[in-house]
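Each chain is listed here by its residues.
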Amino acid sequence: SGAITIDPGYKNSGSCKSEITFLDGELGILRYRGYSIEDLAEKADFLEVSYLLIFGELPTKVQLEQFENDIRKYTLVNEEMKNIIDGFPKTAHPMGVLAALTSALTAFNPKSVNVENEKEMYEAVCKTMGKFLVIATWTYRKSMGYPLNYYDNTKGYVENFMCLMFELPTEPYKANPVVIDALDRLFILHADHEQNCSTSTVRMVGSSHAGLFASISAGVSALWGPLHGGANQAVLEMLEEIHKNGGDAEKYIAKAKDKNDPFRLMGFGHRVYKNFDPRAKIIKKAANEVLSTLGVEDPILAIAKKLEESALEDEYFKSRNLYPNVDFYSGIIYRALGIPTDMFTVMFAIGRLPGWIAQWKEMRENKEPIGRPRQIYTGSPLRGFISSEKR
Ligand code: CMC
């Protein structure tokens, strides 16, 4: 009861208490369970960070090995899922296919997770981590018309991603440690970001006690939009367009500033970071390192740097605190690793998966009530019905 206050976009409303991720937008600080993102990106690996986010502590060596083994147990995806994949046209966007396949997993795992049963929760976590990775790569295999690959138990989680994606029947995939390392770091940087749009969606759907797969599938759909995870694909397409049109960064800066033009500088701005995005700093450095180690020369990197430089000097961007975000340089690395552009947001989803799981688990364990915002009604007052002849 009492007056309802509205806050479109929840710019200033907290939806929950959480122990998972700390974010200070003014100071550009991001921490998972108290560990700084800089430390984790440099020293940890993705499964370690996933365990930390989901279970609250860094795993011991034994726990980590166990976790990796348990995920492996669940990397087989029901064969009937392949029929579903076959039903999609090759041209379908991988994110649409991923959302549908994640949702389809509910058909083969119908039981809703009892979060109070630790064993059952743990199993659900491992299942989600295992199966999601495999189906994420299948969305690409399908679009290429390649046969689907299976998880290789002799290899690590991130290396498996590359094999699942790129191994051909005639040509085994040879992992380059530089590539695996870069991917590992990118996944860590995407692993959680407190109550962003997709995570809030996962929590909201889960708050009705819908199952884990159904909630994650909704998160995938939310992530797909260009204002959220879809920005990484949009950035690369923007950079390619600028390159094709002669590399005139200033023209696009002017377009982004023009309020009559719907164009926005993709990969710029953030709801919470008003100083800088600490992930973007790490990714920019990684982009330089990865490209030079792999010997890739990409003119698009130079365009991105020019855009950033111009924007950071521009009064429009300065006065609105618009800085490059996580999506600005990540695509340049993905591209150097041979990941196709329409798979970029799928990469984000694989990285964000442990965060979604951790937040869903925390929400259920804290016994949060069903999410049900209110509104202020602005429609017509009471009206009498008029029969169709008289309208
Ligand atoms: N280019 C040009 N102008 C911008 C941009 C941009 N990228 N971002 C914000 N603005 C302007 C906006 O027009 C507004 O100006 P004014 O005050 O004159 O009306 C002001 O800055 C504030 O923007 P807002 O839209 O009110 O801010 P928001 O917090 O609602 O939106 C955002 C945040 C990330 C959606 C937005 O900055 C944006 O659309 N950026 C481009 C898309 C993008 O890169 N998204 C990825 C976000 S980070 C990772 C993730 O979540 O996936």
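Since we're looking at a predicted model, the values are computed, not measured.

A. Region of interest: the sheet that holds strand β2 (residues 29-32). Across the sheet, which stays open at both edges, the three strands sit in the order β1-β2-β3 with antiparallel pairing between neighbours. Edge positions in the sheet fall to β1 (21-24) and β3 (35-36), since each has one partner strand and no second. Looking at chain direction, β1 and β2 are connected through four bridges and run antiparallel. Bridge pairing in β2 links F22 to R31.

B. Focus on unusual backbone geometry. Positive phi is not limited to glycine here, since Y10 has a value of about 50 degrees. Tracing the chain through its elements places Y10 in the segment before β1. One non-glycine residue, R33, lies in the positive phi region at around 50 degrees. Mapping R33 onto the fold places it in the loop between β2 and β3. On the basis of neighbour counts, which here come to 19 C-beta atoms within 10 Å, the residue R33 falls in the partly exposed class.

C. Summary view of helix α11 (residues 231-244). Taking 1.5 Å per residue as the helical rise, α11 with its 14 residues ought to reach 20 Å, and the 20 Å between its terminal C-alpha atoms agrees with that figure. Taken together, the buried positions of α11 are A231, N232, Q233, A234, V235, L236, M238 and L239. For α11, the secondary structure elements touched by its buried residues are α14 (299-313), α16 (327-336) and α17 (344-365).

D. Looking closely at helix α9 (residues 197-206). A large share of α9 lies buried, amounting to eight of its ten residues. Those residues of α9 hidden inside the fold are in contact with α10 (212-224) and α17.

E. Quick look at the packing of α11 against α14. Running from amino to carboxyl end, α11 crosses α14 at an angle of 100 degrees, the nearest separation of the two axes being 10 Å. Here α11 lies roughly perpendicular to α14, going by the angle between them. Packed against α11, whose contacting residues are L239, E240, I242 and H243, the element α14 presents P299, I300, I303 and A304 at the interface. Across the contact of α11 with α14, the residue classes tally to six nonpolar, one polar and one charged.

F. Quick peek at the pairing of β2. With burial as the criterion, only one face of β2 is covered, namely that bearing L30 and Y32; the residues I29 and R31 on the opposite face remain uncovered. Taking the residues between adjacent antiparallel strands as the criterion, β1 and β2 are bridged by four residues, where G28 takes a positive phi near 70 degrees. When β2 meets β3, the two strands line up antiparallel, connected through two bridges. Bridge pairing in β3 places R31 opposite S36. In textbook terms, the turn of a hairpin is the stretch between consecutive antiparallel strands, and for β2 and β3 this stretch comprises two residues, one of which, R33, has a positive phi near 50 degrees.

G. Examining the domain arrangement of the chain more closely. Splitting the chain by domain gives domain 1 (19-224 + 343-365) and domain 2 (231-336). On a C-alpha basis, the centroid separation for the pair domain 1 and domain 2 is 26 Å. With 20 residues of domain 1 at the contact, the number on the domain 2 side is 22 residues. When the residues that make up the side of domain 1 that touches domain 2 are grouped by side-chain class, the tally is 13 nonpolar, four polar and three charged.

H. Spotlight on the environment of V77. When you line up the elements, V77 lands in the loop between α3 (61-73) and α4 (80-86). As a C-alpha pair, V77 and A107 span 30 residues in sequence and 12 Å in three-dimensional space. Each residue touching V77, except ones within four places of it in the same chain, is listed here: K131, V134 and I135.

I. Spatial organisation of the nonpolar core. In this structure, L98 and I333 are the most contacted members of the largest nonpolar core, which totals 114 residues. Residue contributions to this core reach at least three from each of two domains, namely domain 1 (19-224 + 343-365) and domain 2 (231-336). In this view, L98 contacts I135, A136, T139, V220, V346 and A349; residues no more than four positions away in its chain are not counted.

J. A look at the packing of helix α5 (residues 94-108) against helix α6 (residues 118-144). At a minimum axis distance of 9 Å, the contact between α5 and α6 shows a crossing angle of 140 degrees. One way to sum up the angle between α5 and α6 is to call them oblique. Once α5 is placed against α6, the crossing between them reads as right-handed. When α5 is examined against α6, the residues P94, V97, L98, L101, T102 and L105 are found in contact with a partner set consisting of K131, F132, I135, A136, T139, Y140, K142 and S143.

Cut-offs and rules
Counting starts from 1 at the beginning of each chain's written sequence and moves along it residue by residue. Owing to the predicted nature of the model, reporting of local features is limited to residues with pLDDT of at least 70; listing and counting of side-chain atom pairs is limited to 80 or more, with chain, interface and lining totals taken over all residues. Think of it this way: DSSP has to see at least two bridges between two strands before they count as a pair. Runs of H or I in DSSP of at least four residues are treated as helices and runs of E of at least two as strands, each being numbered from the N terminus. Three exposure classes are used. Buried residues have 20 or more other C-beta atoms within 10 Å of their own C-beta, exposed residues have 12 or fewer, and partly exposed residues fall in between, all C-beta atoms being placed from the backbone. Multiply 1.5 Å by the residue count of a helix minus one, and that product is the helix's expected span. The contact rule is simple: place each C-beta atom from the backbone, and if two of them lie within 7 Å, those residues are in contact. All axes are obtained by fitting lines to C-alpha atoms, using only the stretch in contact for helices, and the reported angles, taken between N-to-C directions, cover 0 to 180 degrees. An angle below 35 degrees is read as roughly parallel, one above 145 as roughly antiparallel, one from 65 to 115 as roughly perpendicular, and any other as oblique. Lys, Arg, Asp and Glu make up the charged group, whereas Ala, Val, Leu, Ile, Met, Phe, Trp, Tyr, Cys and Pro make up the nonpolar group; the residues left over, Gly among them, are polar. Note that domain bounds follow an automatic or database assignment of domains. Only buried Ala, Val, Leu, Ile, Met, Phe, Trp, Tyr and Cys residues enter a nonpolar core, and they are joined through C-beta atoms within 7 Å. In this scheme, a crossing is called left-handed if the near helix is turned counterclockwise away from the far one by less than a right angle; it is called right-handed if the turn is clockwise.

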